[in-house]
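Here's the letter readout for the chains.
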Amino acid sequence: AAKKADEVKVNMRKVFELELAQLFNDTRFDIDISQCSQGVIESWFKESPRIFIECPLFVPDEDSAYLALDYKSAHKTADLCLGGQFNSLNTSSEEPTELPGELSSTENRICCRLLQRQVQGMQNLLFRERSALLGEVQKYEELPNSLNYIAFKVRFILENEVISWFLWLPISFFNEKRFSA
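These figures come from a predicted structure and were not determined experimentally. (Residues numbered from 1 in each chain as written. Predicted model: local features only at pLDDT ≥ 70, side-chain atom pairs only at ≥ 80, totals over all residues. Heavy atoms only, no water.)

### Observations concerning the sheet that holds strand 5 (residues 149-157)
Moving on, step 1. Taken in spatial order, the six strands make up an open sheet running 1-5-6-3-2-4, and their pairing is antiparallel. In this open sheet, the two edge strands, each paired with only one partner strand, are strand 1 (30-35) and strand 4 (136-137).
Moving on, step 2. Judged from the nine bridges that link them, strand 5 and strand 6 (residues 162-170) form a sheet pairing that is antiparallel. Its bridge partner being in strand 6, K153 is matched across the sheet by F166.
Moving on, step 3. The sheet strands contacting helix 2 (residues 9-23) are strand 1, strand 5 and strand 6, and the helix crosses strand 1 at an angle near 135°. (Pairing = 2+ DSSP bridges. Helix = DSSP H or I, 4+ residues; strand = E, 2+ residues; numbered from the N terminus. Contact = heavy atoms within 4.5 Å. Axes fitted to C-alpha atoms, helices over the stretch in contact; angles between N-to-C directions.)

Next up, the structure:
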């Protein structure tokens, strides 16, 4: 499955660019996607609080996809989606600005749509269907089992900024049998 995921990564990048362009109107960006090890993700999760989103799937099987990002990335994502630019809370001071440790309902919805758009794009690419429901922020932060999911680090590259998140897709997305039929 990991080998097949590597093979579709170029198309995956194109799909994410198309899907995210609809979410982030009038924003110029590039996408970088790489598979990620469980150890890297576990150390990232220990650094500071994260937002963990689960999205129910029905194609190719009943399952879920997941997305995790930090609060700073979530706030920037919402700013970009709502206004096409980042809200600067304190640009004149050298002290780091403390962002709120929770999301507004609008920020929550945008982050959930971020997951849904990527998953639906992959479903359309691989299965010619789009069945992912809107994701929901989860209270738990138990990482998906690395035997059942392939983890990707997605980097959303803007002119002066990079926003990144982790995305877990079920291995059923990359099952060799589905591609040989």
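### Things to note about the pairing of strand 3 (residues 63-70)
Moving on, step 1. Counting buried residues along strand 3, seven of its eight residues qualify, which places the element largely inside the surrounding structure.
Moving on, step 2. Sheet analysis places strand 2 (residues 50-57) next to strand 3, joined by eight bridges and oriented antiparallel. Among the inter-strand pairings, E54 is bridged to a residue of strand 3, identified as Y66.
Moving on, step 3. Linking strand 2 back to strand 3 in an antiparallel pair, the connection comprises five residues.
Moving on, step 4. Bridge count for strand 3 against strand 6 is three bridges, and the pairing is antiparallel. In the strand pairing of strand 6, A68 is matched with F166. (Buried < 20%, exposed > 50% of the residue type's maximum accessible area, 1.4 Å probe, protein only.)

### Digging into the packing of aromatic side chains
Moving on, step 1. Tallying each qualifying case throughout the model produces 13 aromatic pairs.
Moving on, step 2. Taking 5.6 Å as the distance between ring centres and 65° as the angle between the ring planes, the aromatic pair formed by F52 and W168 counts as edge-to-face. One end of the pair, F52, is in strand 2; the other, W168, is in strand 6, with 116 residues separating them in the sequence.
Moving on, step 3. Between the aromatic rings of F127 and F173, the centroid separation amounts to 5.5 Å while the plane-to-plane angle is 90°, which identifies the pairing as edge-to-face. In this pair, F127 sits in helix 5 (residues 105-127) while F173 sits in the loop between strand 6 and helix 6 (176-180), placing the two residues 46 residues apart along the sequence. Both residues of the pair, F127 and F173, belong to the buried class.
Moving on, step 4. An aromatic cluster is present here, built from W44, F45, F52, Y66, Y149, F166 and W168 joined pairwise through their rings.
Moving on, step 5. Seen from the ring of W44, R50 lies directly overhead, with NZ or CZ sitting 3.9 Å from the centre. (Phe/Tyr/Trp six-rings, centres within 6.5 Å; stacked < 30°, edge-to-face > 60°. Lys NZ or Arg CZ within 6 Å of the ring centre and 35° of its normal.)

### A short note on the pairing of strand 5
Moving on, step 1. As paired strands, strand 1 and strand 5 are joined by six bridges and run antiparallel to one another. If you follow I33 over to strand 5, its bridge partner there is V154.
Moving on, step 2. Linking strand 5 to strand 6, which pair antiparallel, is a turn of four residues.

### Looking at the nonpolar core
Moving on, step 1. In terms of nonpolar packing, the biggest core is built from 42 residues, with F16, L20, F156, W165, L169, F173 and F174 touching the most fellow members.
Moving on, step 2. Sorting the residues of this core by element identifies helix 2, strand 1, strand 2, strand 3, helix 4 (71-83), helix 5, strand 5 and strand 6 as the ones contributing at least two each.
Moving on, step 3. Here this core takes eight residues from helix 5, the largest share from any one element.
Moving on, step 4. Setting aside chain neighbours within four positions, we find L20 in contact with F29, I31, L114, Q118, F156 and W165.
Moving on, step 5. Of all hydrophobic cores here, the second largest spans 12 residues; its members include I41, Y66, A151 and F166. (Core = buried A, V, L, I, M, F, W, Y, C linked by side-chain atoms within 4.5 Å.)

It is worth stressing that arrangement in space is one thing and function is another; only the former is reported here.
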